[in-house]
Amino acid sequence: MKYIGIFLTATFVNNMVLHYFLGICPFLGISGALSTAIGMGFAVIFVMTLASVSTYLIYYKILIPLNLPYLQYVSFILVIASLVQLVEMFLKKYSRTLYKALGIYLPLITTNCAILGVTLFMILKKYTFLESIFFSLGSGFGFMLALLIMAGIREEIRGNDIPEGLKGPGITLIIAGILALGFMGFSGF
Amino acid sequence: MKDFIKGLFSQNPIFVLLLGMCPTLAVTTKALYGLSMGLSVIFVLFTTGIIVSLIRKIVPSEVRIPTYIIIIATSVTVADIFLRANYPEISKALGPYVPLIVVNCIILGRAEAFFSRHNIIRSILDALGMGIGFTLGLIILGGFRELLANGTIFDIRVFPNWYPNILLFSLPGGAFISLGILIGIFNSFKRKK
């Protein structure tokens, strides 16, 4: 039950995009069409879970015993960057279909702050190993959910008459604000 | 001099380039937090600019991105430890958004697009211009939100006491809406010019 709670909290209440403002760049950039949003969403869930598992092991099994927690940021970002490379090479070799679906999004993920953000929150909130897995899965799903809703809305308003200055990022941000207000309902305001 | 000025207005990282959105939205509940975040980013941009432009001829181009990332991460660690030691309250309020400067696209973007191609003096000017432009953006957004949410700027009362505090603007939703409105104003202002 505890794990389901962590998962749902990470997905809805503390949504990565709409509550912590992480991963805004892909959120604004890739939410133009539904099909790309789905690909990006799955790529993020996949890498996020792998990243939190590996950084968890590195932090608690290597950095803490050696008393080097200040190397946290340097090692985490390197692990994430190399992990993305590894996943890309692995998929290219063993699963052409998956590579075709996720391939072009993988390089973009290195600079997605949601991934590093999840690993930092995991340390900050002192989650155990299993809790971290559920937390990162939930965060990944939350990211995809926000991306999908946004892409859907943006497809709908494509032909609408929007004031000149607000076109593009302006109106997207205002929609995101209203979405964030809606998501606040999950935390029981 | 042109390298310095362009970051302030015509290529402002927040309002025009739309870079570094995550800390922009997260830490601007108050003008003061915006300012401290901006100063940390200026520091990181400044040190990264110096180091990258100094080593730009030594680093082979295949491994340049990982090299930049390590330089940035080291510099961010220094800034984070400095804040934690000297300003624990601000460090607590900014939370994980200081370490997240590592993945802030402004810094890697400038390292790749500018520092690695220009000499140290131009790189420093560009770093300072971009950093100050970013800080200005943060202070404007932070001030806007603080003013509407609490009636104060930098904790100094601006609106009279009977001002009904609009809580919305200190919440996440208000952050998105304020930034959207400010970008809209900035764009229409730019177009008229």
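Residues numbered from 1 in each chain as written. Chains lettered and ligands numbered in written order. Predicted model: local features only at pLDDT ≥ 70, side-chain atom pairs only at ≥ 80, totals over all residues. Heavy atoms only, no water.

Turning to the overall build of chain B, a few remarks are in order. For chain B, the count of helices and strands is eight helices and two strands. Mapped from its N terminus to its C terminus, chain B presents α and β elements in the order α-α-α-α-α-α-α-β-β-α. The globule rule puts the C-alpha radius of gyration for 193 residues at 16 Å, and the 17 Å found for chain B is close to it. Along the three orthogonal principal directions, the C-alpha set of chain B runs to about 60 × 45 × 25 Å. Across the 193 residues in chain B, those meeting the buried criterion constitute 54%. For chain B, restricting intrachain contacts to residue pairs at least 6 apart in sequence, the fraction spanning at least 24 positions comes to 73%. (Helix = DSSP H or I, 4+ residues; strand = E, 2+ residues; numbered from the N terminus. Rg over C-alpha atoms; globule rule 2.2 N^0.38 Å. Buried < 20%, exposed > 50% of the residue type's maximum accessible area, 1.4 Å probe, protein only. Contact = heavy atoms within 4.5 Å.)

Let's shift gears to the pattern of salt bridges. Where charged atoms from two side chains of opposite charge come close, those side chains can pair. Residue and element names in this part refer to chain B. Taken as a whole and assessed by the stated rule, the structure comprises four salt bridges over all chains. Notably, a salt bridge pairs Arg110 with Asp126, separated by 3.0 Å at the nearest N-O pair. With a gap of 16 residues between them, Arg110 in helix H6 (residues 105–115) and Asp126 in helix H7 (residues 120–150) connect regions that are remote in the sequence. We classify Arg110 as buried; its relative accessible area is 11%. (Salt bridge = Lys/Arg side-chain N within 4 Å of Asp/Glu carboxyl O.)

Next up on the list: the nonpolar core. Note that soluble globular proteins tend to have their nonpolar side chains buried in a common cluster. Ranked by size, the top nonpolar core spans 107 residues in total, and within it Leu22(A), Ile24(A), Ile109(A), Phe176(B) and Leu179(B) carry the most contacts. The dominant element in this core, judged by the number of residues it contributes, is helix H3 (residues 34–63) of chain A, at ten residues. (Core = buried A, V, L, I, M, F, W, Y, C linked by side-chain atoms within 4.5 Å.)

What follows is about helix H4 (residues 64–86) of chain B. Relative to the 33 Å expected for 23 residues at 1.5 Å per residue, H4(B) spans 33 Å between its end C-alpha atoms, a close match to the ideal helical length. Taken together, the buried positions of H4(B) are occupied by Tyr68(B), Ile69(B), Ile71(B), Ile72(B), Ala73(B), Ser75(B), Val76(B), Thr77(B), Ala79(B), Asp80(B) and Leu83(B). At its buried positions, H4(B) is contacted by helix H4 (72–94) of chain A together with helix H3 (31–55), helix H5 (88–94) and H6 of chain B. (Expected span 1.5 Å × (residues − 1).)

With that out of the way, let us pick up unusual backbone geometry. Residues and elements named next belong to chain A. Phi angles above zero are rare outside glycine, and Phe21 is one such case at about 60 degrees. Here Phe21 shows up in the loop between helix H1 (2–13) and helix H2 (24–30). With relative accessibility at 5%, the residue Phe21 sits in the buried group. At Lys126, a residue that is not glycine, the phi angle is positive and equals roughly 55 degrees.

One pass over the structure, following the stated rule, counts 15 aromatic pairs over all chains. Ring geometry for Phe144(B) against Phe169(B): centres 6.3 Å apart, planes inclined by 90 degrees, an arrangement best described as edge-to-face. Of the two residues, Phe144(B) is situated in helix H7 and Phe169(B) in the loop between strand E2 (156–157) and helix H8 (172–192); the sequence distance between them amounts to 25 residues. Judged by its relative accessible area of 26%, Phe144(B) falls in the partly exposed class. Among the aromatic residues, those joined into a ring-pair cluster are Tyr56(A), Tyr59(A), Tyr60(A), Phe76(A) and Phe129(A). (Phe/Tyr/Trp six-rings, centres within 6.5 Å; stacked < 30°, edge-to-face > 60°.)

The predicted coordinates of low-pLDDT regions are not to be read in fine detail. Residue and element names in this part refer to chain B. Of the residues in chain B, 99% reach a pLDDT of 70 or more, and the chain-wide mean stands at 85. Of all secondary-structure elements in chain B, the lowest mean pLDDT belongs to helix H1 (residues 2–5), at 77, while H3 reaches the highest, 91. Across the predicted assembly, pTM comes out at 0.84 and ipTM at 0.80. (pLDDT = per-residue confidence, 0-100.)

This paragraph deals with a nonpolar patch on the surface. A surface patch of nonpolar side chains, amounting to about 340 Å² of accessible area, comprises Met1(A), Ile4(A) and Leu8(A). Within the secondary structure layout, Ile4(A) lies in helix H1. (Patch = residues over 30% accessible without salt bridge, like charges linked within 9 Å, V, L, I, M, F, W, Y side chains within 5 Å. Areas by Shrake-Rupley, 256 points an atom, 1.4 Å probe, with all protein chains shown as cover.)

On the chain B side, the residues contacting the 36 residues of chain A number 37 residues. In total, chain A and chain B occlude about 3100 Å² of area from one another, counting both sides; carbon and sulfur atoms represent 85% of this. Contact with chain B buries area across many residues of chain A, yet Phe21(A), Tyr73(A) and Leu173(A) alone supply 23% of it, more than any other trio. At the junction of chain A and chain B, the tally comes to two residue pairs in polar contact (both at pLDDT 80 or more). The set of elements that each furnish at least two residues to the side of chain A that touches chain B consists of H2, H4, helix H7 (113–124) and helix H9 (169–184) of chain A. Residue composition of the side of chain A that touches chain B, by class: 27 nonpolar, eight polar and one charged. (Buried area = accessible area lost by both parts, 1.4 Å probe. Polar contact = N/O pair within 3.5 Å; in protein donor to acceptor, adjacent residues only side chain to side chain. Nonpolar A, V, L, I, M, F, W, Y, C, P; charged D, E, K, R; others polar.)

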